[in-house]
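Commentary on secondary and tertiary structure
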Amino acid sequence: MRDFSQDHRWLSINTATVRKQRGEPWPLPKILDACAARGIRAVSPWRDQVAAAGLAATAAQVKALGLELSGYCRGGLFTYTDSASQQAVRDDNLRALDEACTLDAPCLVLVVGALPGALAGRPAHRDLALARAQVAEGIAWLVGEARQRGMPLAIEPLHPMYAADRACVNTLAQALDLCEALDPAAGYAASGSSARPALGVAVDAYHVWWDPQLEAQIARAGRGPANRILALHVCDWLVPTTDLLEDRGMMGDGVIDLPRLRGWVEATGYAGYSEVEIFSKANWWQRDGGEVLDTCIERHRRCV
Ligand code: ZN
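Just so we're clear, the structure is a prediction, and the values are computed from it rather than from any experiment.

What follows covers the coordination of the zinc ion. Protein ligation of the zinc ion involves Glu156 (OE), Asp204 (OD), His233 (ND1) and Glu277 (OE), the donor distances falling in the range 2.0 to 2.2 Å. Here the zinc ion is ringed by four donor atoms whose angles at the metal span 82 to 154°, and the overall shape comes out irregular. In terms of primary sequence, the donors binding the zinc ion are separated according to E-x47-D-x28-H-x43-E. Taken together, the residues span a long stretch of sequence, with His233 in strand β8 (residues 229-234) and Glu277 in the loop between β9 (274-276) and α10 (289-303) at a distance of 44 residues. Glu277 matches His233 in its accessibility class, with the two residues each being buried.

Turning our attention to the domain arrangement of the chain. As far as domains go, the chain holds domain 1 (1-42 + 235-270 + 277-304) and domain 2 (71-229). Computed over C-alpha atoms only, the centres of domain 1 and domain 2 are separated by 23 Å. Across the contact, 19 residues belong to domain 1 and 19 residues belong to domain 2. Together domain 1 and domain 2 conceal approximately 1600 Å² of surface at their shared face, both sides included; 70% is due to carbon and sulfur atoms.

Further remarks concern the environment of Val234. Among the structural elements, Val234 can be located in strand β8. Classification of Val234 by relative accessible area gives buried; the value is 2%. Through-space distance from the C-alpha of Val234 to that of Ala205 is 5.3 Å; in sequence the pair is 29 residues apart. Each residue touching Val234, except ones within four places of it in the same chain, is listed here: Ala205, Met251, Leu258, Ser274, Glu275, Val276, Glu277 and Val304.

Now for the sheet that holds strand β4 (residues 72-76). As summarised here, the arrangement of the nine strands in space is β3-β2-β1-β9-β8-β7-β6-β5-β4, forming an open sheet in which the pairing is parallel. Of all the strands in the sheet, just β3 (68-69) and β4 have a single pairing partner and so form its edges. Bridging between strand β6 (residues 153-155) and strand β7 (residues 199-204) involves three bridges; their strand directions are parallel. By the bridge assignment, Leu153 is partnered in β7 with Leu199. Each of β4, β5 (108-111) and β6 is contacted by helix α4 (residues 83-102), which is oriented at about 155° to β4, the strand it contacts most.

Another point: the environment of Ala129. Mapped onto the secondary structure, Ala129 falls in helix α5 (residues 128-149). Separated by 127 residues in the primary sequence, Ala129 and Arg2 have C-alpha atoms spaced 40 Å apart.

Overall, the coordinates contain five aromatic pairs when judged by the stated rule. An angle of 55° between the planes, with centres 5.4 Å apart, marks the rings of Trp10 and Tyr273 as tilted. Within this pair, whereas Trp10 is found in the segment before β1 (11-14), its partner Tyr273 is found in the loop between α9 (258-267) and β9, the two being separated by 263 residues in sequence. Among the residues examined, Tyr273 registers a relative accessible area of 8% and is labelled buried. Relative to Phe279, the ring of Trp46 lies with its centre 6.0 Å away and its plane at 75°, an arrangement referred to as edge-to-face. Here Trp46, found in the loop between β2 (42-44) and α2 (47-53), pairs with Phe279, found in the loop between β9 and α10; they are 233 residues apart in sequence, far enough to count as distant. Taken together, the aromatic side chains of Trp46, Phe279 and Trp285 make up a single cluster linked through ring pairs. We note Arg2 situated over the ring of Trp10; from NZ or CZ to the ring centre the distance is 5.0 Å. In this structure, Arg248 packs its charged tip against the face of Phe279, placed 4.5 Å from the ring centre.

Cut-off values and rules
Residues numbered from 1 in each chain as written. Predicted model: local features only at pLDDT ≥ 70, side-chain atom pairs only at ≥ 80, totals over all residues. Heavy atoms only, no water. Donors = N, O, S within 2.8 Å, 3.2 Å for Na, K, Ca; no water. Tetrahedral: all angles 85-135°; square planar, octahedral: opposite > 155°, others 65-115°. Helix = DSSP H or I, 4+ residues; strand = E, 2+ residues; numbered from the N terminus. Buried < 20%, exposed > 50% of the residue type's maximum accessible area, 1.4 Å probe, protein only. Domains from an automatic or database assignment. Contact = heavy atoms within 4.5 Å. Buried area = accessible area lost by both parts, 1.4 Å probe. Pairing = 2+ DSSP bridges. Axes fitted to C-alpha atoms, helices over the stretch in contact; angles between N-to-C directions. Phe/Tyr/Trp six-rings, centres within 6.5 Å; stacked < 30°, edge-to-face > 60°. Lys NZ or Arg CZ within 6 Å of the ring centre and 35° of its normal.

Here it is, written out as structure tokens:
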């Protein structure tokens, strides 16, 4: 297992971590500058942040600063109620895929969606099995497009508390079932590269830490023709957690055994970035962004 205690060369910052600072929301160009100034080598930006800053301008800034991406957030939300909304979903995912290519991301992260309308508080139905079928259908279609572009898709299973409104793929086992069914060869037809699968997973500690099958499923992810683990996201689970979405903890402040989790992931051969992703309305978003980044660096050395 890699030694993270001496430097932060494998730290990436998910840019949501410093996006909503009180009084001074940080735009993406400022986040990128602040990361580069601290020797942080990678980031994972969100589509709305990139849209606000401009896609071409962001790609140029990333390159000029010598940054890499550890992922691009995000595609997915595949469920629909009629053919018009299905087409809108597909069009939006193609745009996300093309943006990921322009930014030279290593993968497009997928939050797959759940009951249509639920995120807006108006679920169209109660048929979770239908939602899961539409998700499988949507990924099956998108992976064809992803293969042609050489851009891997990373399914991110979300904690089951989001099964109604954000993602009805809730365990690593479920995500890997989809990978193995929809991308059995785990390779690109177009590029000829077999080093990365066309379809893999993003392992986010916050979403999967509780799973009794976690160790076995992480090992399973590494056993196929190519390692399915395309991203590792870290933060902590606070006790108590006061908000389902925006009360993630800084590494070391909660109950997730992050070094153990990272050990399992690295035992598969994963040697990529460890991406800090913290949505924290009441704590870290209330602080100066520079303080947050400095704390991420220090905790990443000590607690991940
Ligand atoms: Zn994540």
